[in-house]
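Reading the structure
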Amino acid sequence: VLLTNIGELVTNDPAHGGSGPGLAGGEGFAPDGIGIVPDAAVVIEEGRIAWTGPASSAPAADDVVDLAGRCVLPGFVDSHSHTVFAGDRAAEFAARMTGEPYTGGGIATTVAATRAASEDDLRARGRALVREMLAQGTTTVEIKSGYGQDIATEARTLRIARELTPETTYLGAHTVPAEYADDRAGYIDLVTGPMLAACAPHARWVDVFCEPAAPTAFDEDESRAVLLAGLRAGLGARVHGNQLAAGPGVRLAVEVGAASVDHCTHLTDADVDALAASWSGAASRGFAPEAVRLADAEAGHGRPADVRPGVGQPADVGSGDVRRFDVGPGAGLGTVATLLPAVEFSTRSPYPDARRLLAAGVPVALATDCNPGSGYSSSMPFVVALAVREMRMSPAEALWSATAGGAAALRRDDVGHLGIGARADLTVLDAPSHTYLSYRPGVPLIHQVWQSGTRAV
Ligand code: NIG
Ligand code: FE
């Protein structure tokens with residue numbers, strides 16, 4: 001298939017200057033850093049990108065799709081969502097908008113509804129949300145458990161999630177359920193023991209809500225125990241950290257070699273330094289040898305069959321290499337900072353300081369965190385618009401973070417870019433450039449969505 005007459009093609013491909021915004025140091029790298037090709041064409045073969053370049057030199061193809069000057073982007077990679085749950089918390093949201101703070105306490109409401117729901121109901125709702133995401137240009141999504149908090153419901157959630165995506169995350173340690181309120185240690189034993197055993201076969205990742213400021217979330221030692229147990233079971237690590245207050249989440253994520261630490265709303269200088277060091281090879285994660293060994297052994301385990309090997313392998317990353325967080329073979333083993341501005345929007349909280357992270361050389365991903373409590377948006381275009389308007393990211397930086405950044409946060413090199421050999425996951429905007437995502441917020445600009453070379457929307 002030849003897609004042609006593309007007004008602006010965003011590739012994130014280093015071959016077209018797509019090494020990441022602001023990182024473009026070397027010769028031939030475009031200042032935007034997202035690998036833009038004007039007046040372009042794309043050739044798709046067997047579900048992969050076979051060729052990209054100027055439309056005037058495109059090869060012939062069996063099928064030709066004329067895109068009439070529209071913009072084509074890599075499909076969005078939403079690396080953080082909680083889309084398998086029952087019930088809603090609209091009343092909690094309304095109360096918040098008239099002054100109540102967000103504490104995470106409402107998670108128990110969703111746990112009760114999710115436990116009570118039938119498997120068919122959970123599946124239908126999860127499917128509908130993933131379809132909603134696809135219609136908004138998201139072609140790769142990560143889905144967490146965490147609203148079961150008992151063995152059967154956590155395992156059921158992950159089984160359903162695995163039908164929807166290979167990027168599934170075991171979040172049994174979301175909060176301590178009411179029946180364990182007086183026995184936190186007992187809940188950690190459950191999460192790191194029989195619940196993990198039941199869930200690990202359906203999960204690629206383990207996650208924990210490390211937030212000592214929230215009474216039902218987890219402190220540093222509890223969180224470390226959860227992450228190490230997951231690593232031992234062959235899962236990769238990710239962390240919910242520093243959402244409500246500064247705390248140990250970010251440094252723990254770096255210590256265990258987590259692929260990403262998500263929220264990052266309240267950061268100290270030491271947190272930013274630790275994240276930056278995780279990409280420079282000077283990581284501070286040397287003080288937990290067991291964690292490092294497990295993290296390094298992570299690559300290749302718990303990985304679904306259709307994910308190419310090679311991602312997440314220890315990379316040859318010299319410090320000071322401006323291209324060190326390219327997606328693609330050789331991508332480093334550092335920890336991505338994933339920002340979730342739809343949560344700050346929906347909890348009326350101050351936004352994370354994206355500029356501080358970017359200035360320190362930390363790769364930033366953007367994701368929705370779609371969940372019924374802290375933020376119920378499934379829209380990556382909305383997240384991009386928030387990132388530009390509220391976090392002062394440039395439109396190019398936000399686009400990179402919503403595509404290549406998300407792929408880095410999932411240690412994937414086959415999505416998030418349109419380099420040769422990438423999955424042909426792409427989004428066509430009914431607009432001439434990627435800037436329109438934030439220039440025209442709230443407008444349905446998604447014209448077509450292709451997944452693995454097939455038109456899906
Ligand atoms: O990522 N912070 C913890 N968990 C979710 C919110 C869950 C909820 O409120 O239901 C989050 O924001
Ligand atoms: Fe979350």
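Residues numbered from 1 in each chain as written. Chains lettered and ligands numbered in written order. Predicted model: local features only at pLDDT ≥ 70, side-chain atom pairs only at ≥ 80, totals over all residues.

Right, let's get into the environment of Ser 118. In this structure, Ser 118 sits in the loop between α2 (107-116) and α3 (119-135). Taking the C-alpha atoms as reference points, Ser 118 and Arg 156, separated by 38 residues in sequence, lie 9.9 Å from one another. (Helix = DSSP H or I, 4+ residues; strand = E, 2+ residues; numbered from the N terminus.)

Take the domain arrangement of the protein next. Under the domain assignment, the protein is made up of domain 1 (2-74 + 421-455) and domain 2 (76-409). Contact with domain 1, which involves 26 residues of that partner, is made by 27 residues of domain 2. Every element with two or more residues in the side of domain 1 that touches domain 2 is listed here: β5 (71-74), α15 (436-439) and β15 (446-451). With three residues, β15 is the single largest residue contributor to the side of domain 1 that touches domain 2. Here the side of domain 1 that touches domain 2 is built from residues that sort into 12 nonpolar, 12 polar and two charged. (Domains from an automatic or database assignment. Contact = placed C-beta atoms within 7 Å. Nonpolar A, V, L, I, M, F, W, Y, C, P; charged D, E, K, R; others polar.)

On to the UniProt feature "binding site: Fe(3+)" (unreviewed entry) in the protein, then. Per the UniProt record, "binding site: Fe(3+)" (unreviewed entry) is found at His 80, His 82, His 240 and Asp 369. Spanning 290 residues, the named residues nonetheless gather at one spot, since no C-alpha pair among them exceeds 12.2 Å. Looking at the secondary structure, you find His 80 in the loop between β6 (76-78) and α1 (90-97). We classify His 80 as buried; it has 30 C-beta atoms within 10 Å. Residues in contact with His 80, not counting those within four places in the same chain, are Glu 142, Asp 262, Thr 338, Leu 340, Ala 367 and Asp 369. Tracing the backbone through its elements, the reader meets Asp 369 in the loop between β13 (364-366) and α13 (380-391). (UniProt positions renumbered as here; feature names shortened; annotations may be inferred. Buried ≥ 20, exposed ≤ 12 C-beta atoms within 10 Å, placed from the backbone.)

Here we take up the packing of α13 against helix α14 (residues 395-409). Orientation of α13 relative to α14, taken along the N-to-C sense of each, is 140°, at an axis distance of 9 Å. The pairing of α13 with α14 is recorded here as oblique in orientation. As α13 packs across α14, the resulting crossing turns out to be right-handed. Here α13 contributes Met 380, Val 383, Val 384, Ala 387 and Val 388 to the contact with α14, which in turn contributes Pro 395, Ala 398, Leu 399, Ser 401 and Ala 402. (Axes fitted to C-alpha atoms, helices over the stretch in contact; angles between N-to-C directions. Parallel < 35°, antiparallel > 145°, perpendicular 65-115°, else oblique. Left-handed = near helix turned anticlockwise from the far one by under 90°.)

Before going further, it helps to spend a moment on α1. Counting buried residues in α1 gives zero out of eight residues, a small share hidden from the surface. Phi for Gly 99, located one or two positions after α1, is positive at around 125°.

In this section: the sheet that holds strand β7 (residues 138-144). With parallel pairing, the eight strands of this open sheet are ordered in space as β6-β7-β8-β9-β10-β11-β12-β13. In this open sheet, the two edge strands, each paired with only one partner strand, are β6 and β13. When the angles between neighbouring strand axes are averaged without regard to direction, this sheet yields 25°. Alignment of strand β9 (residues 205-210) against strand β10 (residues 236-241), held across four bridges, turns out to be parallel. If you follow Cys 210 over to β10, its bridge partner there is Gly 241. Against the sheet, α13 engages β6, β7, β12 (336-339) and β13, with an angle of about 130° to β13. (Pairing = 2+ DSSP bridges.)

A word on the site of ligand 1. Close to ligand 1 lie 13 residues, the nearest being Ile 107, Phe 209, Asn 371, Gly 373 and Ser 374. Tallied by class, the residues present in the shell around ligand 1 amount to four nonpolar, eight polar and one charged. (Near = placed C-beta within 6 Å.)

Attention shifts here to α3. In this model, α3 (17 residues) spans 24 Å end to end at C-alpha, consistent with the 24 Å of a helix rising 1.5 Å per residue. Restricting attention to buried positions, one finds in α3 the residues Leu 122, Gly 126, Leu 129, Val 130, Met 133 and Leu 134. In an axial view of α3, the angular spread of the buried residues amounts to 145°, which keeps them on one side of the axis. Turned more than 90 degrees away from the buried face of α3 sit Asp 120 and Ala 128, all of them exposed. Considering only its buried residues, α3 is in contact with β6, β7, α4 (151-164) and β15. (Expected span 1.5 Å × (residues − 1). Arc of directions from axis to C-beta.)

At a minimum axis separation of 10 Å, α3 and α4 run at an interaxial angle of 40°. Between α3 and α4, the angle is such that the two are oblique. Crossing of α3 over α4 shows right-handed handedness. Counting all contacts with α3, which are made through Glu 119, Leu 122, Arg 123, Gly 126, Arg 127 and Val 130, the residues of α4 involved are Arg 156, Thr 157, Ile 160, Ala 161 and Leu 164. Grouping the amino acids of the contact of α3 with α4 by side-chain chemistry returns five nonpolar, two polar and four charged.

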